[in-house]
Amino acid sequence: MKHRILLMTFMLGYMLSMNAIPGYKMEYTINLNQSQHYINVELNVTFQKHTNETITLEMPVWAPGYYIILDYPKNLSDFKATTLDGQTTLTWTKTSKNRWAINLNDNGFKATYRVYANERSVAESKVDKTSAFIAPNGVFMYIDGDKQHEVTVCINMPEGWSKASTGMKPVGENAGPQRTFTAPDFDTLFDSPILLGNHFVTQFTHEGHDYELALETPDGLSETTFLDDFKRMVSQTTQIIGHVPYDNYCLIHLGAGGGGLEHLNSQACYTSGSYRFETRNEYLRHLSFVTHEYFHLYNVKSIRPFELGPFDYSRECYTPLLWVSEGFTCYYENRILLLSGIIDSDYMLNDMSASIRTTETNEGHRHMSLRQSSYDIWLNFFNHSENIISYYDKGPILGLLFDIELRRLTNTDRGLDDLMRLLYNRYYMQLKRGFTEQEFWQAAEETAGSSLAHLRRYVDTTDEIDYETLLTPAGLAIDRSSWKIYKLDKTSQKQEKLRKTIIGS
């Protein structure tokens, strides 16, 4: 009932804000000022008929997956509004830090502004003389109350630049000095970063879907098995979930830097600046990172908490379930590579041990629950103090324990893969929405065929985890002096069977 009321309230607000505005077309044109790091933006909005209404343009202040208020409008200057022919200046008022109200007197309007873009971040834009990375949330505005409107983006390429990489759909051949893309709505646009320049691009088809790898620094790529390993990873992920939710997928891998961000049909990740890895483990860490961002297109974009969409881009979006969205994804970055035959069980157990060690040797695990770490991420996105924990560390521990318990309770008939498929099919495919916290636990217990209150305690409280009891059914144990997981030498057939389903040996 609560969700039905919320939906009715949202729809009423939408109709009240849009009922006076006739049908319209939105088209952006982008020009880059490379030397001064500016993105010059022109927005043309054409209505079906003349209107004297006041409309409000709104720019996001944060980006999904990057749980911190970035206040994108701080980079915006020189806002102007005119009639479409540019002959008449329209009056406008800034009504909040990210809203511009324009008084109309024609069948449309033109808005222009510029955005300073000089940050090396997967959630912020950067323009220089050699390349441009456009993070759409900090560049484009939508008409308040109508994020579901189709939008076109035309980019005038700087002289000598030939590549434009994004997950958005191109319009026409999309070659030459102007590149044009379209998005069915602003949620899609905001989830489609763009890389411009003369970067390395390779395109391929895998299992009926088109892929593009766009690399700023491709040095050493040809000497790795990355493309083959990526395909194996994609195939294994598809086998786990049973469905691919995109037509095309774009990997935007930037130069030296830190961080990665998932998107609907793309990812944007910084690299070490090279594909020359000194050790096998360094390469596997990079591949795990790519796998993590890829699996997010399922676990957070498709399999998502109810609060994570449709988004309110003007303020924080709180959810107690990021330990599932991020923590389980950390577990799956290893599980997928293990099932693909790219890593072995020792590598996976070492990585899981590192998560346990980080959590258990941090004073914060006595003061912050896993659930609270999800809800309070807006306070702690870049906070690494000793009084908190991270769902990136404790989340994958719960992923492993969930997998073991689900398989123990069902005699290995069902595991965490089955829970993820249930959430995907029920809420994303059938109901086309996210799930509530209560619905998550109901789905988990439905998969288990039993109560999971003993696991929920380790999410909702700071109670110490009984690793011995929870690991033993999988033929595993833990050394509490080093927090290292190891395989028991002597196991029953039941333990061996369960361990094989978890780590393959």
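Above this text you will find the structure in question.
(A) Quick peek at the overall build of the protein chain. A tally of regular secondary structure across the protein chain gives 14 helices and 23 strands. For the protein chain, the C-alpha radius of gyration of 24 Å lies close to 23 Å, the compact-globule estimate for 505 residues. A principal-axis box enclosing the C-alpha atoms of the protein chain has dimensions of 85 × 55 × 45 Å. Classification of the 505 residues of the protein chain by burial places 56% in the buried group. Pairs at least 24 apart in sequence give 70% of the contacts found in the protein chain among residues at least 6 apart. Element-wise, carbon and sulfur atoms account for 48% of the exposed surface of the protein chain, whose accessible area totals about 21,100 Å².

(B) Up close: the packing of aromatic side chains. Counted under the stated rule, the structure contains 55 aromatic pairs. Ring geometry for Y391 against Y392: centres 5.1 Å apart, planes inclined by 50 degrees, an arrangement best described as tilted. A relative accessible area of 33% means that Y392 is categorised as partly exposed. Sitting over the ring of F204, K231 keeps its end group 5.0 Å from the ring centre.

(C) Highlighting the pattern of salt bridges. Applying the stated criterion to the full structure yields 25 salt bridges. Between R276 and D219 there is a salt bridge whose closest N-O contact spans 2.9 Å. Highlighted residues: R276 in the loop between strand 21 (266-271) and helix 4 (280-295) and D219 in the loop between strand 18 (209-215) and helix 3 (226-241), separated in sequence by 57 residues. Residue class for R276 comes out partly exposed when judged on its relative accessible area of 44%.

(D) Examining empty space enclosed by the protein more closely. Evaluated as defined, the whole model comprises three cavities of 30 Å³ or more. Considered as a void within the structure, the largest cavity measures approximately 70 Å³ in volume. Lining the largest cavity we find 14 residues, and of these A63, N137, F190, L261 and H263 sit closest to its centre. Residue classes in the lining of the largest cavity are distributed as 11 nonpolar, two polar and one charged. Approximately 50 Å³ is the volume found for the second largest cavity. Lining the second largest cavity, in full, are T359, E360, H365, K394, T462, D463, E464 and I465.

(E) Inspection of helix 10 (residues 416-430) at higher detail. With 15 residues, helix 10 extends 20 Å from end C-alpha to end C-alpha; this agrees with the ideal 21 Å at 1.5 Å per step. Each element contacted by the buried residues of helix 10 is listed here: helix 3, helix 4, helix 5 (322-339), helix 9 (391-409) and helix 11 (437-448). Positive backbone phi, approximately 55 degrees, marks K432, located one or two places after helix 10.

(F) Summary view of the layout of surface pockets. Of the volumes computed, that of the second largest pocket is approximately 960 Å³. Together, 37 residues line the second largest pocket, and E326, C330, H384, S390 and Y392 are the ones closest to its centre. Elements that contribute at least two residues to the lining of the second largest pocket include exactly strand 20 (260-262), helix 4, helix 5, helix 6 (345-360), helix 8 (377-380) and helix 9. A breakdown of the residues in the lining of the second largest pocket according to their chemical character gives 13 nonpolar, 17 polar and seven charged.

(G) Seen up close, the state of the cysteines. All chains considered together, the criterion is met by zero disulfides. C250 supplies the cysteine sulfur nearest to C154, a cysteine that is in no disulfide, at a spacing of 19 Å. Given the relative accessible area of 6%, C154 is considered buried.

(H) Main features of the side chain of E333. Relative to the assigned elements, E333 resides in helix 5. Despite its burial, E333 pairs with no opposite charge; the closest candidate is R285, at 9.7 Å N-O. In this structure E333 touches S288, T291 and H292, once residues within four positions along its chain are discounted.

(I) Examining the sheet that holds strand 4 (residues 76-82) more closely. Sheet architecture is open: seven strands sit in the order 4-7-2-1-12-15-14, paired in mixed fashion. Across the chains shown, the open sheet's two edge strands, defined by having one partner strand only, are strand 4 and strand 14 (169-170).

(J) Looking closely at the sheet that holds strand 13 (residues 163-166). Sheet architecture is open: five strands sit in the order 8-9-10-16-13, paired in antiparallel fashion. Strand pairing shows two members of the sheet lacking a second neighbour, strand 8 (118-121) and strand 13, which therefore form its edges. Ignoring which end each strand starts from, the neighbouring axes of this sheet average 25 degrees apart. Note: strand 8 against strand 9 (residues 124-127), two bridges, orientation antiparallel. From the neighbouring strand, N118 faces strand 9, where its bridge partner is K126.

(K) Focus on the environment of L195. Mapped onto the elements of the fold, L195 is located in strand 16 (residues 194-197). We classify L195 as buried; its relative accessible area is 0%. The sequence separation of L195 and L471 amounts to 276 residues, and the corresponding C-alpha distance is 45 Å. Ignoring sequence-local partners within four residues, the contact set of L195 consists of A132, K163, A164, S165, A214, E216, I252 and L254.

(L) Examining helix 14 (residues 493-503) more closely. Within helix 14, burial applies to Q495, L498, R499, I502 and I503. Seen from one end, helix 14 has its buried residues packed into an arc of 110 degrees, which puts them on one side. Those residues of helix 14 that are exposed and angled more than 90 degrees off the buried face are Q493, K494 and K500. Where helix 14 is buried, its residues meet helix 5, helix 6, helix 9, strand 22 (476-479) and strand 23 (484-487).

(M) Representation of unusual backbone geometry. Residue P310 is reached from G309 by a cis peptide bond, and omega for that bond is -10 degrees. Secondary-structure assignment places P310 in the loop between helix 4 and helix 5. Not every positive phi belongs to a glycine, and V300 is a case in point at roughly 140 degrees. The topology assignment puts V300 in the loop between helix 4 and helix 5. We note that K432 has phi near 55 degrees; this positive angle belongs to a residue other than glycine. As for its placement among the helices and strands, K432 is situated in the loop between helix 10 and helix 11.

Thresholds applied
Numbers given to residues run from 1 along each chain, matching the order in which its sequence is written. Given that this is a predicted model, residues contribute local features only at a pLDDT of at least 70 and side-chain atom pairs are listed and counted only at 80 or more, while totals for whole chains, interfaces and linings are drawn from all residues. With hydrogens and water excluded, all non-hydrogen atoms of the structure serve as input to the side-chain values. Secondary structure elements are defined from DSSP: runs of H or I of at least 4 residues count as helices, runs of E of at least 2 residues count as strands, and each element is numbered from the N terminus. We compute the radius of gyration over the C-alpha atoms and compare it with the globule rule, which gives 2.2 Å times the number of residues raised to the power 0.38. Only protein chains enter the accessibility calculation, which uses a 1.4 Å probe; a residue whose area is less than 20% of its type maximum is buried, one above 50% is exposed, and one in between is partly exposed. The contact criterion used is simple: two residues touch if any of their non-hydrogen atoms lie within 4.5 Å. Per-residue accessibility takes into account occlusion by the displayed protein chains alone, with areas from the Shrake-Rupley method and a 1.4 Å probe. Only the six-membered ring of Trp is used, alongside the rings of Phe and Tyr, when aromatic pairs are assigned; centres must lie within 6.5 Å, and planes under 30 degrees apart are stacked while those over 60 apart are edge-to-face, with the rest tilted. Working rule: Lys NZ or Arg CZ, within 6 Å of ring centre, within 35 degrees of ring normal, means a charge sits over the ring. Basic side-chain nitrogens of Lys or Arg form a salt bridge, by our definition, when they fall within 4 Å of a carboxyl oxygen of Asp or Glu. We place a 1 Å grid over just the protein atoms. Points where a 1.4 Å probe fits but has no way out form a cavity, open points with protein on both sides within 12 Å along at least 5 of 7 lines form a pocket, and any residue with an atom within 4 Å of a point lines it. Grid points are joined across faces, edges and corners, and a volume is the space filled by probe spheres set on the points. Residue polarity follows a fixed list, in which Ala, Val, Leu, Ile, Met, Phe, Trp, Tyr, Cys and Pro are nonpolar, Asp, Glu, Lys and Arg are charged, and the others, Gly among them, are polar. The span one expects for a helix is its residue count, reduced by one, times 1.5 Å. The disulfide definition used here is simple: a pair of cysteine sulfur atoms within 2.5 Å. Counting rule applied: Lys, Arg positive; Asp, Glu negative; His and chain ends not counted. A pair of strands is considered paired only if DSSP assigns at least 2 bridges between the two. Only the stretch in contact is used when a helix axis is fitted, and all axes are lines through C-alpha atoms; the angle between N-to-C directions ranges over 0 to 180 degrees. Directions pointing from the helix axis toward each C-beta atom define the arc.

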